[in-house]
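Take a look at the letters that make up each chain.
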Amino acid sequence: MDYEQVRAVDPAVADALEGEDTRQEETLAMIASENHVSKAVLEAQGSALTNKYAEGYPGKRYYAGCEYADEVEELAIERATELWGAEHVNVQPHSGTQANQAVYFATLDPGDKILSLDLTHGGHLSHGHPANFVGQFYEVEQYEVNPETGYLDYEGLAEMADTFEPDMIVSGYSAYPREVEWQRIQDVADDVGAYHLADIAHITGLVAAGVHQSPVGVTDFVTGSTHKTIRAGRGGIVMTSEEHADDIDNAVFPGGQGGPLMHNIAGKAVGFKEALQPEFDEYAQQVVDNADVLAETFADHGFELVSGGTDTHLVLIDLRESHPDLPGSPAEDALAEAGIVLNANTVPGETRSPFNPSGIRAGTPSLTTRGFDEETIAEVGDLIYRVVDNHDDQRVIDEVSERIDELCAAYPLYE
Ligand SMILES: Cc1ncc(COP(=O)(O)O)c(C=O)c1O
């Protein structure tokens, strides 16, 4: 992009922005929660709507001059409703975490009980970690995946729910590679009289395209991020039934936020429109097909995969079997040096720490956006193995880096 105006005012920021564009163009983004939005979404997000205060909702604002803000928000809501089929959608949360906050605020009192997946087993901070407000305002117990299979332990969850009697069960995860059976968890929630929040932050796009089953209409609340597998720019979304619509709207504003980020909501509207096109369904299917090939390639090299593979957009490698002396962080560093950007991640049964965990997580949404197919993803899988297996061999890292340069040039991001 051209940062002429920024450069005239602030060359330091212009340099950093150009540096980031080049970094994204010349490296492979494999952080499972990242993606690349279109130029249309970038343009909408960079629009003059950033100047506009529009506290309230379309037709009921606390400020004048909201006619275009109303139009944009109504379009975002209309398209989200078509994409996910919820009775009620709120597109104002600034992020996935704030979407979750709105659901808790709408349904729980301080001290109420939440049952959610442990962070090291794939859960998210906003589901009840002690460092997050959720872990401090509510009483939290956490379920786990089955240590043998890496799949969710649905029976264990049901037993915990029976004894803990939660007010809210949270499903939907950050590092769980398998399809989630929403109805099974909903049945548990029904049995114990708890609400059920399905946080589909990672898989919003897969659900919209029908390549992962949908919790909409099954669970009481569904939240998501709009910048991961759906390419609608940074932000959050809450979906629910008519019954909870007012409670959710009030919990988002004025409950937890002030003015909506109208420029981001414009980005959401444009990104949702793109996701309604038939090519998006093909994209989402390719994301999953690519992850499947990546998992197979890793397994062929002898990497141990949590759950043995994937049904989604991400693969989680537990390095302890194949590389017992190599934690995830130095593996992440060596890969970054070669031009493959992913993250070290905790694994179920973690024996190290969140700052120096035993796994690495790799996702395919960004590379699929660039046009990578099964063949190129398999090659990337080979390159990742080569780097991890030779993480202290500079010659290997340099060789892989040269090949990454070629791949990036062959699959340009923003031509
Ligand atoms: C399951 C889950 N929920 C919520 C979030 C938070 O999203 P955000 O970064 O938009 O707050 C994430 C982020 O990765 C996530 O994985």
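Here the structure is a predicted model, which is why all the values come from computation and not from measurement.

A. A look at the overall build of the protein chain. Of the regular secondary structure elements, the protein chain holds 17 helices and 15 strands. C-alpha atoms of the protein chain, sized along the principal axes, occupy 60 × 60 × 40 Å. The 415 residues of the protein chain split such that 54% are buried. When contacts within the protein chain are restricted to residue pairs at least 6 apart in sequence, those whose partners lie at least 24 apart make up 72%. Total accessible area computed for the protein chain in this model is approximately 17,400 Å², and 47% of it derives from carbon and sulfur atoms. The protein chain carries 22 positive and 76 negative side-chain charges, and their two centres are separated by 5 Å.

B. Quick peek at the site of the ligand. Close to the ligand lie Ser 95, Gly 96, Thr 97, His 124, Tyr 173, Ser 174, Asp 199, Ala 201, His 202, Ser 225, His 227 and Lys 228, which account for all nearby residues. Asp 199 has a polar side-chain atom sitting 2.5 Å from a nitrogen atom of the ligand. Lys 228 is positioned with one of its side-chain polar atoms (N or O) 2.9 Å from an oxygen atom of the ligand. In isolation the ligand exposes 400 Å². Once the protein is present, 86% of that is buried. Taken together, the residues of the shell around the ligand break down into 2 nonpolar, 8 polar and 2 charged.

C. Spatial organisation of the sheet that holds strand E5 (residues 113–117). With mixed pairing, the 7 strands of this open sheet are ordered in space as E4-E10-E9-E8-E7-E5-E6. Edge positions in the sheet fall to strand E4 (88–90) and strand E6 (139–143), since each of these pairs with one other strand and no more. For this sheet, the mean angle separating the axes of adjacent strands, direction not counted, is 20°. Pairing geometry for E5 and strand E7 (residues 168–171), over 2 bridges, is parallel. Within the sheet, the bridge partner assigned to Leu 115 lies in E7 and is Ile 169. The strands that helix H7 (residues 154–164) touches are E5, E6 and E7; relative to E6, the one it contacts most, it runs at about 155°.

What counts as what
- Residues numbered from 1 in each chain as written.
- Predicted model: local features only at pLDDT ≥ 70, side-chain atom pairs only at ≥ 80, totals over all residues.
- Heavy atoms only, no water.
- Helix = DSSP H or I, 4+ residues; strand = E, 2+ residues; numbered from the N terminus.
- Buried < 20%, exposed > 50% of the residue type's maximum accessible area, 1.4 Å probe, protein only.
- Contact = heavy atoms within 4.5 Å.
- Areas by Shrake-Rupley, 256 points an atom, 1.4 Å probe, with all protein chains shown as cover.
- Lys, Arg positive; Asp, Glu negative; His and termini not counted.
- Charge placed at Lys NZ, Arg CZ, Asp CG, Glu CD.
- Near = heavy atom within 4 Å.
- Polar contact = N/O pair within 3.5 Å; in protein donor to acceptor, adjacent residues only side chain to side chain.
- Nonpolar A, V, L, I, M, F, W, Y, C, P; charged D, E, K, R; others polar.
- Pairing = 2+ DSSP bridges.
- Axes fitted to C-alpha atoms, helices over the stretch in contact; angles between N-to-C directions.

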